[in-house]
Amino acid sequence: MPNHRFFEVDVPIHNAANPDLRGLHVFTGEADSPTTALRRAHEVYDAALTAHTAGLEIPGKQPDSWGARGLRPGWALEWPAAKAGPWRNPVSTQ
């Protein structure tokens, strides 16, 4: 994909039953901008939640590498606080 690079979208989450329990849901995939990365992360999450709610299998990774694995029912994603930036490999030495 020309002009596409890997992005990471970090979305704060909290447990709906106990808002003191907090975390971060991380999405990764190819995009041409942080705005596109945020949109794609939200789209794959919505598709996963819709499938889960309907009792269907959660869709796998899309051709652009976006996907939503590890869906956590009972946890709310705080999309307005989501941040997108270049993906940094956590095992890279650079």
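Throughout what follows, the structure given in this document is the object of discussion.

## Considering the overall build of the protein chain
Counting secondary structure elements, the protein chain contains one helix and four strands. A compact globule built from 94 residues should have a C-alpha radius of gyration of about 12 Å, and the protein chain, at 14 Å, falls within 12% of that. Projecting the C-alpha coordinates of the protein chain onto the three principal axes gives extents of approximately 40 × 30 × 25 Å. Counting only residues that meet the buried cut, the protein chain has 35% of its 94 residues in that class. Within the structure as shown, the protein chain displays about 6100 Å² of accessible surface, and the carbon and sulfur contribution to it stands at 54%. Separation between the mean location of the 9 positive side-chain charges and that of the 10 negative ones in the protein chain comes to 4 Å.

## Digging into the packing of aromatic side chains
All told, the structure shown has three aromatic pairs when counted by the stated rule. With a centroid separation of 6.3 Å and an interplanar angle of 55°, the aromatic rings of F6 and W87 are classed as tilted. Of this pair, F6 sits in strand β1 (residues 5-15) while W87 sits in the segment after β4 (83-86), and the two are 81 residues apart along the sequence. Its relative accessible area of 37% is what places W87 among the partly exposed residues. Among the aromatic residues, those joined into a ring-pair cluster are F27, Y45 and W79.

## Some words on unusual backbone geometry
With a phi angle near 75°, S65 is a residue other than glycine that sits in the positive phi range. Within the secondary structure, S65 sits in the loop between α1 (34-53) and β3 (75-77).

## Notes on the pattern of salt bridges
Scanning the entire structure with this criterion turns up four salt bridges. The residue R39 makes a salt bridge to E43 at a minimum N-O spacing of 2.9 Å. Taken together, the residues span about one helical turn, with R39 and E43 both in helix α1 at a distance of four residues. For R39, a relative accessible area of 43% translates into the label partly exposed. With relative accessibility at 33%, the residue E43 sits in the partly exposed group. Between R40 and D64 there is a salt bridge, with the nearest N and O atoms lying 2.7 Å from each other. Taken together, the positions of R40 in helix α1 and D64 in the loop between α1 and β3 put the pair 24 residues apart, joining distant regions of the chain. Pair check on accessibility: R40 and D64 agree, each one buried. In this structure, a network of salt bridges that share partners links the residues R39, R40, E43 and D64.

Rules used in this analysis
- Residues numbered from 1 in each chain as written.
- Predicted model: local features only at pLDDT ≥ 70, side-chain atom pairs only at ≥ 80, totals over all residues.
- Heavy atoms only, no water.
- Helix = DSSP H or I, 4+ residues; strand = E, 2+ residues; numbered from the N terminus.
- Rg over C-alpha atoms; globule rule 2.2 N^0.38 Å.
- Buried < 20%, exposed > 50% of the residue type's maximum accessible area, 1.4 Å probe, protein only.
- Areas by Shrake-Rupley, 256 points an atom, 1.4 Å probe, with all protein chains shown as cover.
- Lys, Arg positive; Asp, Glu negative; His and termini not counted.
- Charge placed at Lys NZ, Arg CZ, Asp CG, Glu CD.
- Phe/Tyr/Trp six-rings, centres within 6.5 Å; stacked < 30°, edge-to-face > 60°.
- Salt bridge = Lys/Arg side-chain N within 4 Å of Asp/Glu carboxyl O.

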